[in-house]
Structures are given as structure tokens and as C-alpha cells.
Amino acid sequence: MAIRKIRYEGDPILNKRAKEVKEVTPRIKTLIGDMFDTMYEANGCGLAGPQVGILKRICVIDVGEGQKVFINPEIIETSGEQTGDEGCLSVPGKVGTVTRPNYVKARAYNENMELVEIEGTELFARAMCHEFEHLDGHLYTERVEGELRDAVYEEEDEEE
């Protein structure tokens, strides 16, 4: 697999609506693998096609519960509310406060073009909302309550 170039805020592709995927071809399977590799390399938990310059309705998420692939996703149910800091690989070094549903149920195709329903809460629900919005040409910065702030990352303790 390969690491793809992440597009940053200001790149016009991030404001375009991605196109529906009709079938999973070998190129799409390669893209999905590359997206996971790119996301992990950048220490992210989600990545959408437009973020790597591909206007296809595909996103990948891994919030520590395993890899999830979403093709042509749609949210079919939400409930509750959560407010917290959110960041984006396309807006590096910044975070902002965003309110999202605390529960999300989505319908999407998986990497085998099987229709599935996926439910998530907390971070997974936030990630689904965030990534699906990329497919419609929107960034989380449109939803930020207040100002964007510089991200502060905790340093991991190195074992000696």
C-alpha cells in the first residue's frame, strides 16, 4: 500500500461533493488500503476520499475498535448530543469545539459492496459525522463553536 498526499483546507477539492461508488474495483480496494495507511501515518482516526484528492464517496475510520470502511454512507438515525474538541487531518495543528450526536446509525456498503448498518456512540459517532460531511464538501471548521485553537498533543512517555 502507499501513503497518499493529504489535501489541506483551501484546496478546492475539499469543497466538492464526492461521487457515488457503483462497484468496488481493484483500484477502489487499493485506494481503501492506501487510505488506512495514510490515516495511520498521520495519526488520524478517520479519512475521506476527498482528503486524498479522490472525489468518491468512501471513508475509513478506526477509533480503536477495528477498521471500518464506508462506501456511499448515509446517516439513518441519531440521538443525544456531545460537545467536544475535534480536529482534522486536512486542518493540521488546529482543534475546535463541535457539537455532534452522541449516537449515530449509518447505512453504507462495505469493501465487498455488501449493504451494512453500523451503529456508534461517542468518538465513533463523532468520526462518522465528521467523515461523512467531507463527502458532501464540508469541513468541521464550519461547525466550530467559537475559535479554532492550536492543538496540544500529550507526549508519550518513552520507555527506557
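These figures come from a predicted structure and were not determined experimentally.

Participant: Tell me about the UniProt feature "binding site: Fe cation" (unreviewed entry) in the protein chain, and please be specific about residues and values.
Facilitator: The UniProt record annotates "binding site: Fe cation" (unreviewed entry) at C88, H130 and H134. Across 47 residues, the annotated set stays spatially compact, with a maximum C-alpha separation of 10.4 Å. Within the element layout of this structure, C88 appears in strand β4 (residues 82-88). Considering the arrangement of structural elements, one finds H134 in helix α2 (residues 122-134). In this structure H134 comes out as buried when scored by relative accessible area, which is 1%.

Participant: Can you lay out the nonpolar core for me, pointing to particular residues and giving the numbers?
Facilitator: Ranked by internal contacts, the top residues of the largest apolar core, which has 17 residues, are C59, I61, F70, F124, M128 and F132. Looking at this core, the elements that each hand over two or more residues are β2 (58-61), β6 (103-109) and α2. No other element matches the six residues that α2 contributes to this core. Those residues in contact with F70, other than ones at most four positions away along the chain, are R57, I58, C59, I61, A108, Y109, I118, F124, M128 and F132. In terms of nonpolar packing, the next biggest core, distinct from the first, is built from 16 residues, L31, V60, V69 and I71 among them.

Participant: Explain α2 to me, and be specific about the residues and the numbers.
Facilitator: Taking 1.5 Å of rise per residue, 13 residues should cover 18 Å, and α2 covers 19 Å from first to last C-alpha, within 8% of that figure. With eleven of its 13 residues buried, α2 lies for the most part within the structure. Turning to α2, its buried residues number three or more, namely F124, A125, R126, A127, M128, C129, H130, E131, F132, E133 and H134.

Participant: Account for the UniProt feature "active site" (unreviewed entry) in the protein chain, with residues named and values stated.
Facilitator: UniProt's entry tags E131 with the feature "active site" (unreviewed entry), counted in the numbering of this structure. Relative to the elements of secondary structure, E131 occurs in helix α2. With relative accessibility at 5%, the residue E131 sits in the buried group. E131 has contacts with G46, L47, A48, Q51, C59 and I61, leaving out every residue within four places of it along the chain.

Participant: Requested: an account of the packing of aromatic side chains, with residues and values cited.
Facilitator: Tallied over the full model, the rule gives three aromatic pairs. Residues F36 and Y40 carry aromatic rings whose centres are separated by 6.1 Å and whose planes lie at 25° to one another, so their mutual orientation is stacked. With F36 and Y40 both in helix α1 (residues 26-41) and four residues apart, the pair spans about one turn of that helix. Its relative accessible area of 34% is what places Y40 among the partly exposed residues. Both rings, one in F70 and one in F124, keep their centres 6.4 Å apart while their planes meet at 50°; by these two values the pair is tilted. One end of the pair, F70, is in strand β3 (residues 68-79); the other, F124, is in helix α2, and 54 residues separate them in sequence. Across the pair, F124 and F70 agree in class, each one buried. Put simply, the rings of F70, F124 and F132 pair up and form one aromatic cluster.

Parameters at a glance
- Residues numbered from 1 in each chain as written.
- Predicted model: local features only at pLDDT ≥ 70, side-chain atom pairs only at ≥ 80, totals over all residues.
- Heavy atoms only, no water.
- UniProt positions renumbered as here; feature names shortened; annotations may be inferred.
- Helix = DSSP H or I, 4+ residues; strand = E, 2+ residues; numbered from the N terminus.
- Buried < 20%, exposed > 50% of the residue type's maximum accessible area, 1.4 Å probe, protein only.
- Core = buried A, V, L, I, M, F, W, Y, C linked by side-chain atoms within 4.5 Å.
- Contact = heavy atoms within 4.5 Å.
- Expected span 1.5 Å × (residues − 1).
- Phe/Tyr/Trp six-rings, centres within 6.5 Å; stacked < 30°, edge-to-face > 60°.

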